[in-house]
Amino acid sequence: MGKITVVGSMSTDFVVSTSRKPEKGETIIGESFEMTFGGKGANQAVAISRLGGHSELVGHIGSDIFGKGILTNLEDNGVGVSDINIAQGIPSGSAHIILSEQDNSIIVVEGANACTNKDWIEKNVGNIIDSEAVLIQHEIPKEAVETLINICFEHQVLCVLNPAPAREVSRSVLRKVKYLTPNEHEVEALFPNVSLEEALESMPNQLLVTLGERGVVFHNGKQVVQVKAYEATLIDTTGAGDTFSGAFTLAITKGNSLLDSIKIGNLCAALSIQKFGAQGGIPLLDNLKKDPRFEAHWKL
Ligand code: RIB
């Protein structure tokens, strides 16, 4: 199997856990603080690698101490880092997360991730077109994402877009993506003033909407199909969507059916929310295979 190139963000997640969020102008005492590794691109690349795939991450870290930590963590997780560049004098990306009431709120500061721009992508296209699949998110500039989609389409490279966080993408560009994995908020940004059912119907077997504990919905050309989520003991939902996108992309490139690839993504996402941190619960292939819900015919 060839490499899956993830073009995207890397960051340090600064996570505060609190019983409730402060009101405007209010200061409250939180429960704990932790720094973990994150960034949607990094999380997705780690998911692919932990599940036994060959993932290469393309992007930028800053020239600060956080960048060094990000790089080491990726190497420790078996992610290819030869296309990660250091943006001199620029801080690494960061995410500021409040964990509260079994959910999260996140502010992302792009930092060096903004350097993965259109010009840079055009100069580094060679590393992208020899991939079996390219996985992209919305934590790099919009023009870079559109350029990548066009390049993949031109060179017939399977392209998966996890359009997170929510941002508009023109219809003509969207049509060139093989699979889209928005959540229910992100799908509204992609298809404004359109019902979920209409959006699904307009992109059969392509638009896969993740609905958290309600699983994933897509249209199979005849009807809307709901693929149930697996039960899990919720600790932290951060990164569940990234785990789904990474696992799904690996599964589809391994020749699983669309339905099985979604189920594999769902099971990995369920396991991921049972541990703290965006990458904390992403399963290793051995652990996934030990899960009684793993189906023997799944190819991983
Ligand atoms: O999807 C989760 C990720 O979003 C976190 O790791 C954080 O870095 C933000 O980018």
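Placed above this text is the structure.
Note that the structure is predicted; figures quoted are calculated from it, not measured. (Residues numbered from 1 in each chain as written. Predicted model: local features only at pLDDT ≥ 70, side-chain atom pairs only at ≥ 80, totals over all residues. Heavy atoms only, no water.)

## Brief notes about a nonpolar patch on the surface
Going by this rule: Exposure above 30% relative accessible area and the lack of any salt bridge qualify a residue for a patch; like charges then connect within 9 Å, and the nonpolar side chains Val, Leu, Ile, Met, Phe, Trp and Tyr within 5 Å. Here the Shrake-Rupley method, with its probe set to 1.4 Å, supplies the accessible areas, and only the displayed protein chains count as covering residues. By convention in these notes, a salt bridge is any Lys or Arg side-chain nitrogen within 4 Å of a carboxyl oxygen on Asp or Glu. Working definition: helices are DSSP H or I runs of at least four residues, strands are E runs of at least two. Numbering for both runs from the N terminus. Residue burial is assigned from relative accessible area. The probe radius is 1.4 Å, only protein chains are included, and a residue is buried under 20% of its type maximum, exposed over 50%, and partly exposed in between.
Taken together, the side chains of Val16, Phe33, Met35, Ile65 and Phe66 define a hydrophobic patch exposed on the protein surface, amounting to about 490 Å² of accessible area. Listed by contribution, the elements that provide at least two residues to the nonpolar patch are β3 (32-38) and α2 (65-76). Take isoleucine 65: it is sitting in helix α2. We classify isoleucine 65 as exposed; its relative accessible area is 64%.

## So, the site of the ligand
Counted only if it meets this: Note on terminology: near, applied to a residue and a molecule or strand, indicates that one of the residue's heavy atoms is within 4 Å of it. Distance and chemistry together define a polar contact, namely a pair of N or O atoms within 3.5 Å, with one atom able to donate a hydrogen and the other to accept it when in protein, and with adjacent residues in sequence counting only for side-chain atoms on both sides. Polar here means any residue outside two lists: the nonpolar Ala, Val, Leu, Ile, Met, Phe, Trp, Tyr, Cys and Pro, and the charged Asp, Glu, Lys and Arg; Gly therefore counts as polar.
Around the ligand, 13 residues are found, and the nearest of them are Asp13, Gly39, Lys40, Glu139 and Asp242. Contacts to the ligand include asparagine 43, whose side-chain N or O atom sits 3.0 Å from an oxygen atom. Note that an oxygen atom of the ligand is positioned 2.6 Å from one of the side-chain N or O atoms of glutamate 139. For the ligand, the accessible surface in isolation is 280 Å², of which the surrounding protein chains cover 95%. Sorting the residues of the shell around the ligand by element identifies β2 (11-17), α1 (40-50) and β7 (103-109) as the ones contributing at least two each. When grouped by side-chain class, the residues that make up the shell around the ligand number four nonpolar, five polar and four charged.

## A word on the pattern of salt bridges
Enumeration according to the criterion identifies seven salt bridges in this entry. The shortest N-O distance in the salt bridge between glutamate 26 and arginine 20 comes to 2.6 Å.

## Quick word on the side chain of threonine 210
What counts is decided by this rule: Every residue pair with non-hydrogen atoms within 4.5 Å of one another is taken to be in contact.
Relative to the elements of secondary structure, threonine 210 occurs in strand β11 (residues 209-210). Overall, threonine 210 belongs to the buried group, its relative accessible area being 15%. Ignoring anything within four residues of it in the chain, the contact list for threonine 210 reads Pro182, Asn183, Glu184, Gly215, Val216 and Phe244.

## Some points on the nonpolar core
Going by this rule: We define the nonpolar core as a collection of buried residues of types Ala, Val, Leu, Ile, Met, Phe, Trp, Tyr and Cys that are connected through side-chain atoms lying within 4.5 Å of one another.
In terms of nonpolar packing, the biggest core is built from 46 residues, with Leu57, Leu74 and Ile262 touching the most fellow members. Sort the elements by how many residues they give to this core and helix α10 (residues 258-272) lands first, with eight residues. Once you skip the residues sitting within four places of it in the chain, leucine 57 turns out to touch Val6, Gly8, Met10, Gly41, Ala42, Ala45, Leu74, Val79, Gly80, Asp83 and Ile84. One finds Val145, Met203, Leu207 and Val217 within the second-largest nonpolar core, a separate group that totals 32 residues.

## Notes on the packing of helix α9 (residues 240-253) against α10
Counted only if it meets this: For helices, the axis comes from a line fit to the C-alpha atoms of the stretch in contact; other axes are also lines fit to C-alpha atoms, and the angle between any two N-to-C directions lies between 0 and 180 degrees. Left-handed is the label given to a crossing in which the near helix is rotated counterclockwise from the far helix by less than a right angle, and right-handed is the label when the rotation is clockwise.
For the pair α9 and α10, interaxial distance at closest approach is 8 Å and the crossing angle is 145 degrees. Considering the relative orientation of α9 and α10, their crossing is right-handed. Along the contact surface, α9 presents Ala240, Thr243, Phe244, Ala247, Phe248, Ala251 and Ile252, while α10 presents Leu258, Ser261, Ile262, Ile264, Gly265, Asn266, Cys268, Ala269 and Ser272. Residue composition of the contact of α9 with α10, grouped by class: 11 nonpolar, five polar and no charged.

## Considerations on the sheet that holds strand β12 (residues 216-219)
Using the following cut-off: At least two DSSP bridges between two strands are needed for those strands to be called paired.
Pairing is antiparallel in the open sheet, where three strands are placed in the order β11-β12-β13. The outermost strands of the open sheet, each flanked by one partner alone, are β11 and β13 (224-227). Of the strand pairs in this sheet, β11 and β12 are connected by two bridges, and their pairing is antiparallel. The residue of β12 that forms the bridge with valine 209 is valine 217. Lying on the sheet, α10 is in contact with β12 and β13; it crosses β12 at an angle near 165 degrees.

## Here we look at the sheet that holds β7
Pairing within the open sheet is mixed, and its four strands lie in the order β3-β2-β6-β7. Both edges of this open sheet fall to β3 and β7, since each of them pairs with a single strand only. Strand-to-strand twist of the sheet, defined as the mean angle between neighbouring strand axes without regard to direction, takes the value 20 degrees. Note that strand β6 (residues 94-100) and β7 share seven bridges and pair antiparallel. The partner of isoleucine 98 across the bridge, within β7, is serine 105.

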